Amino acid sequence: MSHLDPVVTGDTGLDVEAIRAQFPILHQEINGKPLVYLDNGATAQKPAVVIDAVSHCYRSYYANIHRGVHDLSQRSTTAFEGVRGTVQRFLNAPSQEEVIFTRGTTEGINLVANSFVRPNLSAGDEILVTGMEHHSNIVPWQLLCEATGAKLVVVPFSDAGEIDLGDVTARINARTKLVSVIHVSNALGTINPVAEIARLAHERDVPVLLDGAQSAPHMPVDVQSLGCDFYVFSGHKTYGPSGVGVLWGRYALLESMPPWHGGGDMIKTVSFEGTEFAEPPQRFEAGTPNIAGVIGLGVALDWLMGLGLDRIAAHEADLLAYAHEQVGAMDGVRIIGNARHKAGALSFVMNEAHPHDIGTILDNDGIAIRSGHHCAQPVMQRYGIPATARASFGVYNTRAEVDRLVASIDKVKRLFA
Ligand code: C6P
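Residues numbered from 1 in each chain as written. Predicted model: local features only at pLDDT ≥ 70, side-chain atom pairs only at ≥ 80, totals over all residues. Heavy atoms only, no water.

Quick notes on a nonpolar patch on the surface
Piece 1. There is a patch of nonpolar side chains on the surface, built from I267, V270 and F277 and spanning about 240 Å² of accessible area.
Piece 2. Position of I267 relative to the elements: it lies in strand β11 (residues 267-271).
Piece 3. For I267, a relative accessible area of 31% translates into the label partly exposed. (Patch = residues over 30% accessible without salt bridge, like charges linked within 9 Å, V, L, I, M, F, W, Y side chains within 5 Å. Areas by Shrake-Rupley, 256 points an atom, 1.4 Å probe, with all protein chains shown as cover. Salt bridge = Lys/Arg side-chain N within 4 Å of Asp/Glu carboxyl O. Helix = DSSP H or I, 4+ residues; strand = E, 2+ residues; numbered from the N terminus. Buried < 20%, exposed > 50% of the residue type's maximum accessible area, 1.4 Å probe, protein only.)

Observations regarding the sheet that holds strand β7 (residues 176-182)
Piece 1. Reading across from one edge, β4-β10-β9-β8-β7-β5-β6 is the order of the seven strands in this open sheet, with mixed pairing throughout. Of all strands in the sheet, those bounded by a partner on one side alone are β4 (99-102) and β6 (151-155). Pairs of neighbouring strands in the sheet enclose a mean axial angle of 20°, with direction left out of account.
Piece 2. Bridge count between strand β9 (residues 230-234) and strand β10 (residues 245-249): five bridges; the pairing is antiparallel. Among the inter-strand pairings, F233 is bridged to a residue of β10, identified as V246.
Piece 3. Contacts between helix α3 (residues 71-91) and the sheet are confined to β4, β9 and β10, with β4 contributing the most and set at about 115° to the helix.
Piece 4. In the packing of helix α5 (residues 139-148) onto the sheet, contacts are made with β5 (126-130), β6 and β7, and the angle to β6 comes to roughly 145°. (Pairing = 2+ DSSP bridges. Axes fitted to C-alpha atoms, helices over the stretch in contact; angles between N-to-C directions. Contact = heavy atoms within 4.5 Å.)

Brief notes about the domain arrangement of the protein chain
Piece 1. Examined at the domain level, the protein chain breaks down into domain 1 (16-30 + 309-416) and domain 2 (50-306).
Piece 2. Here the C-alpha centroids of domain 1 and domain 2 sit 28 Å apart.
Piece 3. Across the contact, 36 residues belong to domain 1 and 31 residues belong to domain 2.
Piece 4. Taken together, the two surfaces of domain 1 and domain 2 that pack against each other cover about 2600 Å², and 57% of this comes from carbon and sulfur.
Piece 5. Counting across the domain 1 and domain 2 interface gives two salt bridges.
Piece 6. Across the pair E162 and R340 runs a salt bridge, and its minimum N-O distance is 3.1 Å.
Piece 7. Between domain 1 and domain 2 we count 19 residue pairs in polar contact (both at pLDDT 80 or more) in total.
Piece 8. Of all the secondary-structure elements, those providing two or more residues to the side of domain 1 that touches domain 2 are α11 (309-328), β14 (345-350) and α13 (377-383).
Piece 9. A class-by-class count of the residues in the side of domain 1 that touches domain 2 yields 19 nonpolar, ten polar and seven charged. (Domains from an automatic or database assignment. Buried area = accessible area lost by both parts, 1.4 Å probe. Polar contact = N/O pair within 3.5 Å; in protein donor to acceptor, adjacent residues only side chain to side chain. Nonpolar A, V, L, I, M, F, W, Y, C, P; charged D, E, K, R; others polar.)

Written out as structure tokens, the structure reads:
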């Protein structure tokens, strides 16, 4: 049996075959074998409703938003602005005015770094992150620290890939300006205890940002019950288009923040004597956004909510536990990331084969996984390995596909024996 927490198995109420039928890309052969797509952590495939919504926008009503009285502009504006309400429901946010459209998780974190943290950051101040962050929740803070003399403080994690809350408490102090934490690790699959971390930070009046890139597609997210101050995610991992994402922030904080980018669509008035900025969220959306992308994202989130995020979580937890059990039992294979609470990803290394060899041999069998450091090099350094092979699951994956994965890993073993 897998060590993972028990999950709902069997009938989750999802008709996975009917879901698969909605994804045109899944129905093809790669290297003469039916495609098994297990690289959802990198990006998810798109259901026909999303592809059709983007295409319909460009084919029938596309124009720039907020700028025209003509019919197409009005229709585009209405469709685009309507997505704020969809995101509000998706995150159970108090207000749709708290929803800022970005290019993705990376841009959301950089926005908070430059607009919220930087104006109040002095030498000796601290930003707290964990040792399992993606580079996009490390490098923006390092840039700020270099510019201001502030310090990046890191909460360690155990061999299993878990954070000890005592280590978090011990590192929050009067100089801590922000706690910025990955909700679900892309490299290890760990689901971090982010509600508890937010509670600990708030006891010391420290705001909290959650990197939701790997939680938003896989589980219900309620920013009010999580108790965070900022939450960021990417459209392309939530079955929507790439180049679009969301920063959610508490309105009182957003209101206090200066803009990061200046340009069109984020102002009330401009003259050479000075500029008055628009209220949030427009204040943070300079320039023409990814209009069709945002509209596609809205359709993707509605589609996910229609399936039910709790059912998706149960289905994927079943796949992950099933894969853990089999891969974990294989000689010469070591799973990297054995936290009790996991979602989305199974990372592993093999005695003989480099992760790139594993990826190539699996690809030959029609199976797409990711091999590499997953933009989380400090995680690799923590385990003293250069890379892992990572299978990451989505709502359309099946136990039969896990069986194909396991058979192919077994083939790698035999080839390298
Ligand atoms: N992780 C992976 O294969 P962007 O690129 O902005 O959409 O997302 C960045 C990002 C931030 N945080 C986490 C936890 C992530 O997993 C990612 C993206 C991909 O794991 C590509 S590196």
